[in-house]
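Residue strings, one per chain:
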Amino acid sequence: MKPLHIHHARLIDPAADLDAEGGLILGEDGRILDRGPHLREAGSGPEGADLRDAGGHALAPGLVDLRVYVGEPGARHKESYRSVGEAAAAGGVTTIVVQPDTDPPLDDPALVAFVRRRAAEVCKVRAHPMAAMTKGRAGREMAEYKFLLDAGAVALTDGDRQISDPVVTRRCLQYARSVGALTVHHIQDSALAAQGCATESLFAGKLGLPEAPAAAEVMALERDLRLVELTGARYHAGQISTAAALEALRRAKEKGLPVSASASAHHYALNEYDIGDFRSFCKVSPPLREEADRAALEEAVAEGLIDALTSSHRPQDEESKRLPYAQAATGSVGLETSLAAALNLHHKELIGLPALWRMLALRPAELLGFETGRLTPGAPGDLILVDLGAPWIVDRKALRSKSKNSAFHDRRMQGLVKATWVGGALVFER
Amino acid sequence: MTDIPFPQRHLLGVEDLAPEAILQLLDRADGYVEMNREARKKRDILKGLTQINLFFESSTRTQMSFELAGKRLGADVMNMPVKSSSLSKGETLIDTAMTLNAMRPDLLVVRHADSGAVNLLAQKVNCAVVNAGDGRREHPTQALLDALTIRRRKGRLHRLNVAICGDILHSRVARSNMWLLGKLENRIRVIAPPTLLPTGIERFGVEVFEDMEQGLEGCDVVMMLRLQLERMSGAFVPSVREYFHRYGLNAEKLARAKEDVIVMHPGPMNRGVEIDSELADDINRSVIQEQVEMGVAVRMAVLETLAERLPNWRGAGALA
C-alpha cells in the first residue's frame, strides 16, 4: 500500500485544538504520518503518494461511540456485527463500544472472547465489548473483572440496569478500582423509575402514560457519587439527561472525583413532545425529557461538562416496537444519525468543531485508553471526511442497520459522511 | 340534519374535538334519547354496516351500551371475544387489527388497557374507530354521556362548577371529562389525595383540592370516580375506611354543594368506598341511572356521525 495524501481538507483535530485548512498523509502502516496546513496542496506530500482531493470538506478523527447495542449473541435478527459495522462506517463511527446487554449477557470471559472474534471477522469498524459488572446483570454478585478484562473487555457496566443495592455497588466499585477498570452506570433509581415509560410531566399526564419522575436520575447519581468518594473508583454515567443530575456532575468534577459522563444524541436533540401521538421509536431509557432538561443538557455539551457524545444505538425489530407505547421495547438506532445530531450544535453556533470532536472522539478514546480519536502523527488512521453542511432527511428504511427504529425518522439533518477509514483502510464512501 | 363540523375519521378522544362538534353530537344524541323511549326503537340508518366491538379489557356495561347503540341503528354488531381468541395466543394488537380490517368492518369499537393503543390500531385500519377507553388516557363517549346528562338536568353546559373526585391519576374518565368540560368553559375542581393525582395537574386548567368539603363548596355537579380494589389498601391510600372517611361522598359533605347539585358516577360503584349507599340511590340527586340511559343515545350519535364520514357512505339506510 502506498501512502495516501488527502489534500484540500479542513482539518479538525481535538487533540491539538486545530480547525484549519490543510492536508494529511496516511502512512503505509495505516497510521497518520503527518498532517497540517503545509500539506494543503496536492504536490506538497511525499513523492509517489496516492492523492485524494477532500474538496474542502472536514477531515476529522472517526467517532468513538461508547454506547452501542449489538444483537450478538441472542438477537442477531436485530443487529449483527456485520450490519452494525455497515451502519457505523456510514455514520462516521470508527470505534463502537458494545453494551453487555445481550442474551446471555457478557458476564463470562468466553462470551467476551466470542464477541471479540465475531467482531474481528465481520465488523468493518473497531468493536470493543464492555463486560457485565454483576453476574447475569442481576445486581447481586460481582462478575470476574480481571478475567473479563484479560479477555478483551474495555469497561464494566450492567448496561441499562442500575445496581440498586448500595452494598453491592460499593463492593463492585472497590474491586473495579483494584483492576483499574472504568465502571459505567445507568443512573436511574430503579424503584422510582420501575414503571415509567415517560418522564413525569404535564404532557405525559395528558397522554396517560406510566410516568417516572426526572428526579430518579439525580437520586441515583448522588448516591453513586458518595460511593465514588468512598472507593475512588473510575465512574462514568452512561447517559445523563436532566439539569439536576448535571449540577451534581459539575459539583463532583469540581471536587476532583474521577467522574465522567456521556450524553445520548436523542436526549440533547429531542424532547418529550417528540413522542407525539405515541411514537414508540421515541421510547428510550431514560425517557425523553422536558424541554428545560433538554436545553440544560445541550448547554452542558456546549460548555464541555460532558465527556462523551453517544448514539445509544439500540436496534429493535418491528415486532417489538409496533406495540402500545407502554409495551413497546425501548431504544432507538442512532449510529447513522449521531454525527448529524451533534453537528447541529455546531450549526446552531453553540460549539466549535475541535471542542465537539473532543466529545465525539478524543475524550471517549482517552477514557478507555485507546490511541484513536485524534489526528496526532503516529495515531491509527481512523478518519472521516464529512460534508458538514450537506442537508438530508432521515429515512429509516434507508438505514444500514438491520433494525429501522430511528427516533430521528423524517427529521431534517445537516452533515453527511463522505468517506470513512479504519486503520488506514477505506471502509465507506458515499 | 345539517352536516356537522366533524373532521375526524375516528373518535379517539375529546381532546381533538371542537366545542361545536361536541355540542352537535349532544344535539343528535338528544334526539336518540326520545327515540329510545318509544316502544319500537329500531332504525335502519346503519343498515348493512358492520360494527365490531373489540374489548381487550373486559367491560360489561360499555360493551353492551355500544352493542345496543349499533343494533338500534340497524348495524350488524359483532362482539369479538378477546379472551378466547388468538389474542391470548400472542398475536399482536396490529396483527389483530389487520385481520379484522381484512373482514371489512365499517365501525370498530375498541377498549384497551394501554394508553395510546387505540390510536395505534386506528392507524392500521380503513374503518372508523371509536375509542371505548384506552389506559389512563381517554374515554370520550363517557365524557359525552356525562355532558348530555348534565345539560339535560341543568339546562346548560357552561359556567357550572363541576367537582371530579377520586382516583384522577389512573382515570381516563377524569381526563376526558376535564378536556370536555374545560372546552365548554366550566369551572373544574378535582378532589383527591395527592397520591391519586397526576403530576402537573394544576396546569391542566383545574383547581385542586385535597380537602373534600372545601372542594364541594358551591358545586353544581359532583362526579365520583371508582377506586380500583388493588389501589385501596396501603398502596395509594392507607385503607378503605380512611379513604371513605376523607373522600367518600355522603350527605354531610354534599351539603356544602349547591342545593340542586347532581351526583354522577361512571359505574360500577363501590358502595361504602367512594359513595354512601343511600346517596347513590337518592333519585333527587343521583343521576347514575340516567347516565346509563344517555350512554346508549350518545353512542348512537357517535356511530352515526362516524358512519357519515365513511368514504363509501351512501346515505342513511342505503343498502351496501
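Up top is the structure.
Let me sum up the structure you'll find in this document. (Residues numbered from 1 in each chain as written. Chains lettered and ligands numbered in written order. Predicted model: local features only at pLDDT ≥ 70, side-chain atom pairs only at ≥ 80, totals over all residues. Heavy atoms only, no water.)

### Notes on the overall build of chain A
Next, step 1: A count of helices and strands for chain A gives 12 helices and 18 strands.
Next, step 2: Computed over its C-alpha atoms, the radius of gyration of chain A comes to 21 Å, within 12% of the 22 Å expected for a compact globule of 430 residues.
Next, step 3: Oriented by its inertia axes, the alpha-carbon framework of chain A measures out at about 65 × 45 × 45 Å.
Next, step 4: For chain A, the proportion of its 430 residues judged to be buried stands at 63%.
Next, step 5: Contacts spanning at least 24 positions in sequence make up 74% of the contacts within chain A whose residues lie at least 6 apart. (Helix = DSSP H or I, 4+ residues; strand = E, 2+ residues; numbered from the N terminus. Rg over C-alpha atoms; globule rule 2.2 N^0.38 Å. Buried < 20%, exposed > 50% of the residue type's maximum accessible area, 1.4 Å probe, protein only. Contact = heavy atoms within 4.5 Å.)

### Topic: unusual backbone geometry
Next, step 1: For the bond from E72 of chain A to P73 of chain A, the omega torsion is -5°, close enough to zero to count as cis.
Next, step 2: Among the secondary structure elements, P73 of chain A is positioned in the loop between β6 (63-68) and α1 (81-91).
Next, step 3: The peptide bond linking G267 of chain B to P268 of chain B adopts the cis configuration, its omega dihedral lying at -10°.
Next, step 4: Mapped onto the elements, P268 of chain B comes out in the loop between β9 (262-264) and α10 (277-281).
Next, step 5: In this model, R137 of chain A sits at a positive phi of 50°, which is unusual for a non-glycine residue.
Next, step 6: Following the sequence through the fold, R137 of chain A ends up in the loop between β8 (126-129) and α3 (145-150).
Next, step 7: A relative accessible area of 9% means that R137 of chain A is categorised as buried.
Next, step 8: Residues other than glycine seldom take positive phi values, yet E349 of chain A does so here, at roughly 60°.

### Structural notes on the side chain of D134 of chain B
Residue and element names in this part refer to chain B.
Next, step 1: One can find D134 in strand β4 (residues 128-134).
Next, step 2: From its side chain, D134 meets the backbone nitrogen of G116 in a polar contact 2.8 Å long.
Next, step 3: Side chain to side chain, D134 and N131 meet in a polar contact 3.0 Å long.
Next, step 4: When residues no more than four places from it in sequence are discounted, the contact partners of D134 are H112, D114, S115, G116, A117, V118, N119 and R172. (Polar contact = N/O pair within 3.5 Å; in protein donor to acceptor, adjacent residues only side chain to side chain.)

### A closer look at the pairing of strand β5 (residues 58-61) of chain A
Residue and element names in this part refer to chain A.
Next, step 1: Bridging between strand β1 (residues 4-13) and β5 involves two bridges; their strand directions are parallel. Following the sheet pairing, R10 is matched in β5 by A58.
Next, step 2: Across four bridges, the pairing between β5 and strand β16 (residues 383-393) is antiparallel. Bridge pairing in β16 links P61 to L383. (Pairing = 2+ DSSP bridges.)

### Quick word on the sheet that holds strand β6 (residues 187-191) of chain B
Residue and element names in this part refer to chain B.
Next, step 1: A sheet is described by the order of its strands in space; here five strands give the open sequence β7-β6-β5-β8-β9, paired in parallel fashion. Only two strands of the sheet have a single partner each, and these edge strands are β7 (207-209) and β9. On average, each strand axis in the sheet is inclined to that of its neighbour by 20°, with strand direction left out of account.
Next, step 2: Where strand β8 (residues 221-224) lies against β9, three bridges are found, and the strand directions are parallel. Counted as the bridge partner of V221 is I262 from β9. (Axes fitted to C-alpha atoms, helices over the stretch in contact; angles between N-to-C directions.)

### Here's the deal with the packing of aromatic side chains
When we look at a pair of aromatic rings, we describe it by the centre distance and by the angle of the planes.
Next, step 1: Applying the stated criterion across every chain yields a total of four aromatic pairs over all chains.
Next, step 2: Summarising the aromatic geometry, the rings of Y145 of chain A and Y175 of chain A are spaced 5.6 Å apart at their centres and angled 55° between planes, so their arrangement reads as tilted. A residue pair is termed long-range when its members are at least 10 positions apart, and Y145 of chain A in helix α3 and Y175 of chain A in helix α4 (residues 166-179) qualify at 30 residues.
Next, step 3: Y175 of chain A gets classed as partly exposed once you look at its relative accessible area, which sits at 39%.
Next, step 4: Relative to Y247 of chain B, the ring of Y243 of chain B lies with its centre 5.7 Å away and its plane at 35°, an arrangement referred to as tilted. You can see Y243 of chain B and its partner Y247 of chain B sitting in helix α8 (residues 240-247), four residues apart, about one turn around the helix. By the burial criterion, Y243 of chain B is buried, and Y247 of chain B matches it.
Next, step 5: Across the ring face of F66 of chain B, the terminal group of R299 of chain B is positioned such that the distance to the ring centre comes to 4.9 Å. (Phe/Tyr/Trp six-rings, centres within 6.5 Å; stacked < 30°, edge-to-face > 60°. Lys NZ or Arg CZ within 6 Å of the ring centre and 35° of its normal.)

### A few points about the nonpolar core
Next, step 1: Counting residues in each nonpolar core, the largest one holds 108 residues, and the members touching the most others are Y81, I96, I240, Y268, I306, L309 and W357 of chain A.
Next, step 2: Those residues within four positions of W357 of chain A in sequence are excluded, and the remaining contacts are I12, P14, A60, P61, L63, L339, L343, L362, I384 and V386 of chain A.
Next, step 3: A128, L160, L180 and A192 of chain B belong to the second-largest nonpolar core, a separate cluster that totals 70 residues. (Core = buried A, V, L, I, M, F, W, Y, C linked by side-chain atoms within 4.5 Å.)

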